[in-house]
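Residue-level listing of the chains:
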Amino acid sequence: MYKSWRRLFTGFTTLILMGCAGNASNPLADYEQLEPVTTLQSPIANASAFDPVQVEHGRYLVGLLGCGSCHTDGALIGEPNNQRLLAGSGTGIAYSNPLAVANPGVVYPSNLTPDNETGLGNWSLEQIVTMIRAGTDNHGVQTIPVMPWPAYANITGDDAT
């Protein structure tokens, strides 16, 4: 009798679990897996007012740190728009765990060009360095962990400027 009861219980439990699994909602159902581009050319700057060695080193660092992989439109979906290098992205990045949060937060990578209205044109050099090293924006607000500033925290002063 014990074996029959155990089989019945196991079968009943299996049916319940299968039914629950069939009705469980997938928190990722509304999200699309993207294939980002990780290597992009660094933009060519108008270097007339800057030391060419410093400009070339800056291009090297932008490529090394992978800034364009997020901050270039289309790069997050594997189709970077080379006309918009570092000009921000219209594709958002979920910054909270979609398996743990019903409505994960999404951030859109910002414009890193020297444009005065939409980019870093009105930021001081100190504000840009603080953003790179400490993840604090020009208003003193801490960025979310999607921006990998902790990985850049120990960048040298020469490299940061």
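Quick caveat: nothing in here was measured; it's all calculated off a predicted structure.

**What to know about the overall build of the protein**
Each helix and strand in the protein was counted, giving 6 helices and 2 strands. Walking the protein from its N terminus toward its C terminus, one meets helices and strands in the order α-α-α-β-β-α-α-α. The 161 residues of the protein split such that 23% are buried. Long-range contacts, defined as pairs at least 24 residues apart, comprise 37% of the intrachain contacts of the protein with a sequence gap of at least 6.

**Some words on the environment of R84**
Note that R84 resides in the loop between helix 3 (67–71) and strand 1 (93–94). In this structure R84 comes out as partly exposed when scored by relative accessible area, which is 33%. Put simply, R84 and G74 are 10 residues apart on the chain and 9.0 Å apart in space, counted from C-alpha to C-alpha. Each residue touching R84, except ones within four places of it in the same chain, is listed here: H71, T72 and D73.

**Some thoughts on helix 2 (residues 52–65)**
Compared with an ideal rise of 1.5 Å per residue, which puts 14 residues at 20 Å, helix 2 spans 20 Å between its outermost C-alpha atoms and is within 8% of the ideal. In the segment just after helix 2, G66 is the residue with positive phi, at about 75 degrees.

**Digging into the pattern of salt bridges**
Applying the stated criterion across every chain, the model contains 2 salt bridges. R59 is the partner of E56 in a salt bridge, and the nearest nitrogen-oxygen pair spans 3.5 Å. One end of the pair, E56, and the other, R59, are both in helix 2, 3 residues apart, so they sit about a helical turn from each other. The salt bridge partner of D73 is R84, with a shortest N-O separation of 3.7 Å. One end of the pair, D73, is in the loop between helix 3 and strand 1; the other, R84, is in the loop between helix 3 and strand 1, with 11 residues separating them in the sequence.

**Some words on unusual backbone geometry**
With phi around 65 degrees, L86 is a residue other than glycine that occupies positive phi space. Take L86: it is sitting in the loop between helix 3 and strand 1. Note on L86: relative accessible area 10%, which makes it buried.

**Focus on the side chain of T72**
Here T72 lies in the loop between helix 3 and strand 1. Looking at T72, the relative accessible area reads 0%, which means it is buried. Of the polar contacts made by the side chain of T72, one reaches the backbone nitrogen of L86; its length is 3.0 Å.

**Examining the state of the cysteines**
Tallying each qualifying case throughout the model produces 0 disulfides. Its sulfur unpaired, C67 is 9.0 Å from the next cysteine sulfur, which belongs to C70.

**Focus on the confidence of the model for the protein**
Confidence along the protein averages 78 in pLDDT terms, with 71% of residues attaining 70 or more. Predicted confidence in the protein is weakest over helix 1 (residues 2–23), with a mean pLDDT of 48, and strongest over helix 4 (residues 125–134), with 92. Here residues 8–20 is modelled with pLDDT under 50, and outside its nearest four sequence neighbours on either side it reaches 0 contacts, counting other chains as well.

**As for the side chain of T143**
Looking at the secondary structure, you find T143 in the loop between helix 4 and helix 5 (149–152). Excluding residues within four positions of it along the chain, T143 makes contact with M131, G135 and W149.

Procedures and definitions
- Residues numbered from 1 in each chain as written.
- Predicted model: local features only at pLDDT ≥ 70, side-chain atom pairs only at ≥ 80, totals over all residues.
- Heavy atoms only, no water.
- Helix = DSSP H or I, 4+ residues; strand = E, 2+ residues; numbered from the N terminus.
- Buried < 20%, exposed > 50% of the residue type's maximum accessible area, 1.4 Å probe, protein only.
- Contact = heavy atoms within 4.5 Å.
- Expected span 1.5 Å × (residues − 1).
- Salt bridge = Lys/Arg side-chain N within 4 Å of Asp/Glu carboxyl O.
- Polar contact = N/O pair within 3.5 Å; in protein donor to acceptor, adjacent residues only side chain to side chain.
- Disulfide = S-S within 2.5 Å.
- pLDDT = per-residue confidence, 0-100.

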